[in-house]
Amino acid sequence: MKNNQNLMEKIVSLAKRRGFVYQGSEIYGGLAGTWDYGPLGVALKNNIKNSWWKKFVDDREDMYGLDASILMNAKVWEASGHLKNFTERLVECKECKKQFRADYVEGKNCPVCKGEFAKEKQFNEMFETNFGASKDSTSVAYLRPETAQGIFVNFKNIIDSFHPRLPFGIAQIGKAFRNEINARDFLFRTREFEQMEIEYFFRGEEWEKHFENWRTWSWEWLNEIGFTKDSVHELEVPDGNRAHYSYKTIDFEYDFPFGRSELFGLAYRTDYDLKNHGLDYLDDVAGEKFIPHVIEPSFGVDRIVFAILSQTYTEDELGDEGRVYLKLPANIAPVKVAVFPLLKNKPELVKKAREVYKMIRKEIPQVMFDDNGNIGKRYRRQDEIGTPNCITIDFDTLEDNTVTLRDRDTGGQKRIKVEEIVSSVSI
Ligand code: GAP
């Protein structure tokens, strides 16, 4: 297991330097637990989300997409049990007033000033706000702490619009908010984050089969974005540690630089949510009304981004020089192809390189043109952001319409024809 502060610092620094992730509200000293995605971070995140959506929605007949509101009626959270149960144990130091999640600290004293802790309290992590101009108990609303409830409250709408037969699922990607007592570890525990969630509905007696299916499909998707069986570990969450709605949960854990922790979860939520929202399903063939049960694979986008950056961050030697590169799978790399003219001050090379760049862009949108610095520096810059393919236009290109294609991982180069670029590069 990694516990590597050094690696953590290197990842956070690369993420900032190369425009993946910036601290939220940075010029005002930051806002703890918030992070802003820069141009390459957005591209990486979109690639991850698109790959998930394709696998779990577009490529299936039994899935329906949804994009529900972040602000939801307070009654939703009463019915879902979040108002009562979405709490963490909080301890506060009597001396310095610092607050901690009780399960993050050991003993009865503050790790910062050694002062004594006051009596433990339960703290509800939902962000509260007020709706409209008045600020009283009737105007209280909550930012959703999970996207799942947006799905449950639209269960009837989807049935009325599409008449799906069981089993079927509803998928959603969107922001969730938690007023974490201790936001920490870069993108791991933040106060605003994104989830990709599926609620999959079926007859209760079939739950074990559907749980196993979703376990398999989750692994398939993990493999598609570059995680292997040895990099993610399953942990069945014991009684007493599961969320209030769950009968069985498997946490899929990753060895983050700070230690092994939950990447995403797979839960059997029984009929808990639909029952509490007063919703049911009519099987008009069997002539039977009942409450379906639910399997929920719940992925955190930001944790996946963090795990991918950690997993692909690589240092090696290439041509006697040390280098840093992100060994990103091509399908999620923010830039698939970089195009360079060998020399910036030769207009004929720049013109040809621009033509090639535009041609590639028509087929592969995530392409970058770079003519800054010497060619070695450009390769290093592209390595650092994980670009799998670099194309160089040189004087031979003007003669025979061939270019150099360079592979990120090996640094190996080969000559190919311009017309072969799109079919030769890994994307
Ligand atoms: N609907 C189920 C649910 O929300 P969860 O285990 O509390 O379950 C699901 O959250 C996933 O959301 C986690 O596995 C994690 O990837 C992500 N997540 C939860 N809290 C987070 C936080 N504070 N910061 C970043 N990601 C978080």
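Residues numbered from 1 in each chain as written. Predicted model: local features only at pLDDT ≥ 70, side-chain atom pairs only at ≥ 80, totals over all residues. Heavy atoms only, no water.

Contacts to the ligand come from 21 residues, most closely from Glu146, Arg178, Glu197, Glu262 and Leu263. Between the ligand and the protein, one listed contact pairs a nitrogen atom with a side-chain N or O atom of Glu180 at 2.8 Å. For the ligand, whose unbound accessible area comes to 550 Å², protein coverage reaches 91%. Top contributing element to the shell around the ligand by residue count: strand 14 (residues 259-270), with five residues. Class assignment for the residues of the shell around the ligand results in seven nonpolar, five polar and nine charged. (Near = heavy atom within 4 Å. Polar contact = N/O pair within 3.5 Å; in protein donor to acceptor, adjacent residues only side chain to side chain. Areas by Shrake-Rupley, 256 points an atom, 1.4 Å probe, with all protein chains shown as cover. Helix = DSSP H or I, 4+ residues; strand = E, 2+ residues; numbered from the N terminus. Nonpolar A, V, L, I, M, F, W, Y, C, P; charged D, E, K, R; others polar.)

Right, let's talk about the packing of aromatic side chains for a bit. Scanning the model with the defined rule gives 35 aromatic pairs in all. Ring geometry for Tyr281 and Phe290: centres 5.7 Å apart, planes at 65 degrees, overall edge-to-face. Ring pairs connect the aromatic residues Trp52, Trp53, Phe56, Tyr200, Trp214, Trp217, Trp219, Trp221, Phe252, Phe264 and Phe299, which therefore count as one cluster. Of note, Lys45 hangs over the ring of Tyr37, and the distance from its end group to the ring centre comes to 4.1 Å. Across from the ring centre of Tyr104, 4.1 Å away, lies the NZ or CZ of Arg184, which sits over that ring. (Phe/Tyr/Trp six-rings, centres within 6.5 Å; stacked < 30°, edge-to-face > 60°. Lys NZ or Arg CZ within 6 Å of the ring centre and 35° of its normal.)

Next up on the list: helix 6 (residues 155-162). Listed in full, the buried residues belonging to helix 6 are Phe155, Ile158 and Ile159. For helix 6, the angular spread of buried residues about the axis comes to 100 degrees, placing them on one side. In this structure, the buried residues of helix 6 make contact with strand 3 (63-66), helix 5 (148-152), strand 10 (168-177), strand 11 (192-202), helix 8 (272-276) and strand 15 (281-283). Trailing helix 6 by a residue or two, His163 shows a phi angle of about 50 degrees, which is positive. (Buried < 20%, exposed > 50% of the residue type's maximum accessible area, 1.4 Å probe, protein only. Arc of directions from axis to C-beta. Contact = heavy atoms within 4.5 Å.)

So, on to the side chain of Arg101. Tracing the backbone shows Arg101 in strand 6 (residues 99-101). Since its relative accessible area comes to 8%, Arg101 is described here as buried. Polar side-chain contacts of Arg101 include one of 2.9 Å to the side chain of Asp103.

Turning next to the pattern of salt bridges. Considering all chains together, one arrives at 40 salt bridges under this definition. As a salt-bridge pair, Asp271 and Lys275 come within 3.7 Å of each other at their nearest N and O atoms. The closest approach of N and O atoms between Asp316 and Arg323, which form a salt bridge, is 2.8 Å. Exposure remark for Arg323: the relative accessible area of 3% places this residue in the buried category. (Salt bridge = Lys/Arg side-chain N within 4 Å of Asp/Glu carboxyl O.)

Turning our attention to the side chain of His293. Among the structural elements, His293 can be located in strand 17 (residues 293-300). The class of His293 is buried, set by a relative accessible area of 15%. A distance of 2.6 Å separates the side chain of His293 from the side chain of Tyr268, its partner in a polar contact. What His293 contacts, discounting residues up to four positions off in sequence, is Tyr200, Phe201, Phe202, Gly204, Tyr268, Thr270 and Asp271.

It is worth spelling out the environment of Lys229 at this point. Mapping Lys229 onto the fold places it in the loop between helix 7 (207-224) and strand 12 (232-236). For the pair Lys229 and Leu90, spaced 139 residues apart in sequence, the C-alpha to C-alpha distance is 36 Å.

Strand order in this open sheet of seven strands is 3-10-11-17-14-13-12, and the pairing throughout is mixed. Of all the strands in the sheet, just strand 3 and strand 12 have a single pairing partner and so form its edges. Strand-to-strand twist across the sheet, computed as the mean angle between neighbouring axes with direction ignored, equals 25 degrees. Where strand 14 meets strand 17, six bridges bridge the pair, whose relative direction is antiparallel. Residue pairing across strands places Thr270 opposite Val294, the latter belonging to strand 17. The sheet contacts of helix 6 involve strand 3, strand 10 and strand 11, and relative to strand 10 the element is tilted by about 140 degrees. (Pairing = 2+ DSSP bridges. Axes fitted to C-alpha atoms, helices over the stretch in contact; angles between N-to-C directions.)

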